[in-house]
Amino acid sequence: MQNGGQLLVQSLVALGATRAFGVPGESYLAVLDALHDTAGRLDYTLCRNEGGAAFMAAAWGKLTGSPGICMVTRGPGVTNASIGIHTAMQDSAPMLVFVGQVGTDMRGREAFQEIDYRAVFGSMAKWAVEIDHVDRIPELLSRAWITAMTGRPGPVVIALPEDMLTSLTATPALTAPPAIREPAPDAATMAEVHGLLSAALRPLILIGGCNWTEAGRQAMQAFAEASNIPTIAAFRFQDRFDNHSPVYAGEAGVGMPPHVRKLILEADTILAINIRFGEMTTDAYTLLDVPVPKQRLIHVHPSDREIGKVYQPTLGIQAGPNTFAAALDPVTGPWAGWRENARAGYEASFDAPAQPSPVDMVAVTAHLRDVLPEDVILTNGAGNFTVWPNKFFKFGPRARLLAPQSGAMGYGLPAAIAAKVAHPDRTVVCFAGDGDFQMNCQELGTAMQAGAQPIVLILNNGTYGTIRAHQERNYPARVSATDLVNPDFSALARAYRFHAERVETTADFPAAFARALASRTGAVLDLNIAAEAITPRQTLSQMRANALAAKDKQ
Ligand SMILES: Cc1ncc(C[n+]2csc(CCOP(=O)(O)OP(=O)(O)O)c2C)c(N)n1
Ligand SMILES: [Mg+2]
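Residues numbered from 1 in each chain as written. Chains lettered and ligands numbered in written order. Predicted model: local features only at pLDDT ≥ 70, side-chain atom pairs only at ≥ 80, totals over all residues. Heavy atoms only, no water.

Visitor: Honestly, helix 6 (residues 137-149) in this entry has me stumped. Any pointers?
Guide: Each turn of an α-helix holds 3.6 residues, which means side chains three or four residues apart point in the same direction. The end-to-end C-alpha distance of helix 6, which contains 13 residues, comes to 18 Å, matching closely the 18 Å that a straight helix rising 1.5 Å per residue would cover. Every buried residue belonging to helix 6 is among Ile137, Pro138, Leu140, Leu141, Ser142, Ala144, Trp145, Thr147 and Ala148, and all of these are buried. Taken together, the buried residues of helix 6 touch helix 1 (4-15), strand 4 (68-72), strand 5 (95-101), strand 6 (127-130), strand 7 (155-161) and helix 7 (162-166). Phi for Gly151, located one or two positions after helix 6, is positive at around 60 degrees. (Helix = DSSP H or I, 4+ residues; strand = E, 2+ residues; numbered from the N terminus. Expected span 1.5 Å × (residues − 1). Buried < 20%, exposed > 50% of the residue type's maximum accessible area, 1.4 Å probe, protein only. Contact = heavy atoms within 4.5 Å.)

Visitor: Explain the sheet that holds strand 10 (residues 231-234) to me, please; I cannot follow it from the model alone.
Guide: The six strands lie next to each other as 11-10-9-12-13-14, forming an open sheet whose pairing is parallel. For this open sheet the edge positions go to strand 11 (248-252) and strand 14 (315-318), each flanked by a neighbour on one side alone. When the angles between neighbouring strand axes are averaged without regard to direction, this sheet yields 20 degrees. For strand 9 (residues 203-207) and strand 12 (residues 269-273), the ladder comprises five bridges, and the chain directions are parallel. By the bridge assignment, Pro203 is partnered in strand 12 with Thr269. Along the sheet, helix 10 (residues 258-266) makes contact with strand 9, strand 10, strand 11 and strand 12, crossing strand 11 at roughly 95 degrees. Along the sheet, helix 12 (residues 336-348) makes contact with strand 9 and strand 11, crossing strand 11 at roughly 60 degrees. (Pairing = 2+ DSSP bridges. Axes fitted to C-alpha atoms, helices over the stretch in contact; angles between N-to-C directions.)

Visitor: What is the right way to read the site of ligand 1 from this model?
Guide: In the vicinity of ligand 1, 17 residues are found, and the nearest of them are Asn384, Gly407, Asp434, Asp436 and Gly465. Here an oxygen atom of ligand 1 sits 3.0 Å away from a polar atom, N or O, in the side chain of Asn461. Gly465 places a polar main-chain atom, nitrogen or oxygen, 2.8 Å from an oxygen atom of ligand 1. Burial of ligand 1 by the protein chains amounts to 77% of its free accessible area of 590 Å². Elements with a contribution of two residues or more to the shell around ligand 1: helix 16 (434-439) and helix 18 (465-474). Sort the elements by how many residues they give to the shell around ligand 1 and helix 16 lands first, with four residues. A class-by-class count of the residues in the shell around ligand 1 yields six nonpolar, nine polar and two charged. (Near = heavy atom within 4 Å. Polar contact = N/O pair within 3.5 Å; in protein donor to acceptor, adjacent residues only side chain to side chain. Areas by Shrake-Rupley, 256 points an atom, 1.4 Å probe, with all protein chains shown as cover. Nonpolar A, V, L, I, M, F, W, Y, C, P; charged D, E, K, R; others polar.)

Visitor: What am I meant to see in the pairing of strand 13 (residues 296-301) here?
Guide: A regular strand places its side chains so that they alternate between the two faces of the sheet. Burial analysis of strand 13 places five of its six residues in the buried class, the great majority of the element. When strand 12 meets strand 13, the two strands line up parallel, connected through five bridges. Bridging from a neighbouring strand, Ala272 pairs with His299 of strand 13. Where strand 13 lies against strand 14, four bridges are found, and the strand directions are parallel. Directly across from His301, in strand 14, lies its bridge partner Gln318.

Visitor: Help me understand the sheet that holds strand 6, please; the structure alone is not making it clear to me.
Guide: The pairing of strands in a sheet comes from backbone hydrogen bonds and takes either a parallel or an antiparallel form. Overall, parallel pairing links the six strands, which are arranged 3-2-4-5-7-6 in an open sheet. Looking along the sheet, the strands with just one partner apiece sit at the ends: strand 3 (43-46) and strand 6. Direction aside, neighbouring strands of the sheet carry axes that sit 25 degrees apart on average. The pairing of strand 6 with strand 7 spans four bridges and is classified as parallel. When the bridges of strand 7 are listed, Ala128 appears paired with Val157. The strands that helix 4 (residues 75-91) touches are strand 4, strand 5 and strand 7; relative to strand 5, the one it contacts most, it runs at about 160 degrees.

Geometry only, nothing functional implied.
Set out below in structure tokens:
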């Protein structure tokens, strides 16, 4: 006989979970106790806030393709964690969130910290379930794992009533992970794809999503290159295709470059693989008509819930990205010039003027492109600063980007810590805004304790710059609730035993970054950025002047 906590932890180990991120709570003591016996197999990274823990688990899922495990206490714990659950959902990242629950004998009375999980997370997560009977732990855990991983991956919330976890049972634990294969397209369907692409004049490939294998990625690139078809990435999935490939043409994301907009608008046939059509990728649903786009659309996705969710495809195919990529046969057509223009547009998007800022991010990112190792992992949260890691870096086949489709501030630091836990030997660089960093800077303590210390670049411009920019465009010269008074970030980081430096000028950056790379305790570089340099090509004053001029005309 063993208790529910032991049965759960043993089953998780059998499924292949090796790491959990969490904050403890008295509501799931039996699970914590069971973890006492799994050191080295299933380890627990102790976090400082459940929001940080949930971001780490969401990032783990995105990075590894295996569910990120998050363990939190009821009410206050899981409400803190909810930002990571929402982010995993929008990112289509596999994740399991285990949360304590009041005993079944008092459920429904609004007992201490009680939450109705199915009601609260039923629409935010892919699935929410409460395990009422200890004997059903293996069944429901197996279902949760498979739900998180298959179709469109996503987060599952699993509530664990206290008495259920302490009840004894003779039910055997799970013993092995399931082997689930992606749906594969049949030959007739692939012939149709071939026919549609062969008839195109201006074909475009749009890729994204979390569940690519290395073989799938390679097959996709081989097809795109052999067919000479320009390929773009959906919002924040630019690391899923080798950016050095001559067919790669950029990211369809926030602040969409004009050449990418043009590619989507002017394409006559779009092969969209493993993406959901979000607001950022479609430029607020303007680049393709809802519900029937003018472009012929082949939409390939492992989930029937995504095909037709926004756009009626010319051909919808329920298939996994890897099986589909493997089944593609190269096509030929008269689009060589179209592809060349696409690539030229991408290359030209790196040209930006010198920035009106003591530290110039055009120069900094050019330096980083030279010195970062090919297997670097970049992370970011939300803010205008994200343009630098997202638009001014070329992701080779081994580089990764962990950036939230939810636009959640505060994701970057926890994601970088999770990446460092997963890959202690890889260089991990978090880009953070000064506002963004302070959403989760307490997780520097998690990094210190776990020995998982990334390099953090704080683009410190003294403002919630994104909101300030919106203010200048909509309510010019009326700054309201956006200026920040910041702490001494270097002193803060040193208190957490990070190497830390303030970088005053562009010229100081290369040496400071070399010291950061050499540091064995991670590093925080506080970059002196002028708020004026709010975007690579338009300053705050220009935004204000344009908005004032437009107002005058009215
Ligand atoms: C959790 C969360 N809260 C609020 C917002 C709204 N928001 C988006 S960007 C931004 C400002 C970001 O400021 P900072 O990190 O300093 O970056 P900057 O824009 O200055 O480069 C805010 C408040 C958000 N996206 N996420
Ligand atoms: Mg800022």
